[in-house]
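Structure at a glance
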Amino acid sequence: FFSGSLAMEDVKLADWCKALEPSVLREMIDVVSNQPDIINLATGLPEADFFPVQSYKEGLAAALASDPLALQYRPPYEPLKQHIVEIMQKRGVECTVDQVFITTGAQQGLNVLTRMLLNPYGDIILEEVIYAGLRQAINPMQPKIHFVKTNLATGMDTDQVEALLEKGIRPPFFYIVPNAQTPIGVSLSLEKRKKLLEIAEKYRVPVIEDDTYGFLTYDDKEEQCLKSINPDWVFYLGSFSKVIAPGLRLGWMIAPPNLINTLTVLKEATDLESSGLTQRAVSYYLDKGNFWEHITELRKEYQKRRDVMLSCLEEFFPENVTWSKPSGGMFIWVVFDKSVNTSRLLDYCLQHVKVAFIPGFAFALPGSDATNCM
């Protein structure tokens, strides 16, 4: 018989949880939210002024008026899936409704795929500086990580990937953000896109393509997504977070139809289903036909902000500092001299000049060094 209150020492964490560290990005969101006078260069959040609030309100109202059961448990909304098929055509991908898997944001798609493909303690090949959400997704499996370099101009070092495979390393997938990689901001060169897909097919390793920023490209560039080059070896992840609003928590995956049932079972373990109301509201919003005009406006506005930041770096930063020059997305990666510790620099900036950024270590894999980056 148990009596008394539950003490922390009574809780036995799973082994993989014992080494978990708080998300620096999440902590920084809390910091800038509680101190509105801070200049926020840290969180990479979409600009709230660009959210189509009125159009989405109309979509919600229409969803509730036309279908009161939008608040009930419901299967994925077919009209939204059809809209996604049409959106994918804009990315050069021909797919069908039965390949579209609705997710609660691209992060859930990533979580579901890693659970489906990665065995406990298995090998995995990743870029040495990578999206923190991927690390959170793979942590429960405690994989053995092999990392490769990322060039600030051309992206992942695919030659290093191939060299690891030639040594016998067999990862269950490759993870890549080919357009505006988080956090570096670099887009994978076309040559490397083709090389990675050749490697994937040769060694029969599927690619998880996180195309969250694929629609936010600048300088009139339209970067090819991997799925359009070789659809057979790519799981595609898309999201409405950066192009409509992150609070929707709505994304999608393009996957083989024969895996949809397996993906559904894995998804049900986390949230049963994505919000039927949100799916309908977004679908109604897309019905209006203003989405691509909205994308054009986002590209124009975010490109202006990127250009201002790059100009400021050029004007005010020392000559021995280098940085990425992204053709899309919301991130710029800065590399200082090895003598600079950006964690200590962050503390100084928060205290004395009220500026926030994310120090590089927050994105670096164990064994790699990004203490002089931000």
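**Quick notes on the overall build of the protein**
Per the secondary structure count, the protein includes 12 helices and 13 strands. A compact globule built from 374 residues would reach a C-alpha radius of gyration of about 21 Å, and the protein, at 21 Å, matches this within 12%. Each principal axis of the C-alpha distribution contributes one length, and for the protein these read about 60 × 60 × 50 Å. Across the 374 residues in the protein, those meeting the buried criterion constitute 49%. A separation threshold of at least 6 residues defines the contact pool for the protein, and within that pool the share at least 24 residues apart is 71%. Roughly 18,600 Å² of accessible area belongs to the protein as shown, and the carbon and sulfur atoms make up 53% of that amount. Computing the positive centroid from 36 side-chain charges and the negative centroid from 47, the protein places the two 2 Å apart.

**Observations concerning the pattern of salt bridges**
This structure, assessed with the given rule, holds 18 salt bridges. Between Arg91 and Asp211 there is a salt bridge; the shortest N-O distance is 2.9 Å. Here Arg91 is found in the loop between α3 (78-90) and β2 (100-103), whereas its partner Asp211 is found in the loop between β8 (207-210) and α8 (226-229), with 120 residues between them in sequence. The pair formed by Arg91 and Asp211 is uniform in burial state, with each residue classed as buried. Salt bridges sharing partners connect three or more residues here, namely Asp67, Arg74 and Arg280.

What counts as what
Residues numbered from 1 in each chain as written. Predicted model: local features only at pLDDT ≥ 70, side-chain atom pairs only at ≥ 80, totals over all residues. Heavy atoms only, no water. Helix = DSSP H or I, 4+ residues; strand = E, 2+ residues; numbered from the N terminus. Rg over C-alpha atoms; globule rule 2.2 N^0.38 Å. Buried < 20%, exposed > 50% of the residue type's maximum accessible area, 1.4 Å probe, protein only. Contact = heavy atoms within 4.5 Å. Areas by Shrake-Rupley, 256 points an atom, 1.4 Å probe, with all protein chains shown as cover. Lys, Arg positive; Asp, Glu negative; His and termini not counted. Charge placed at Lys NZ, Arg CZ, Asp CG, Glu CD. Salt bridge = Lys/Arg side-chain N within 4 Å of Asp/Glu carboxyl O.

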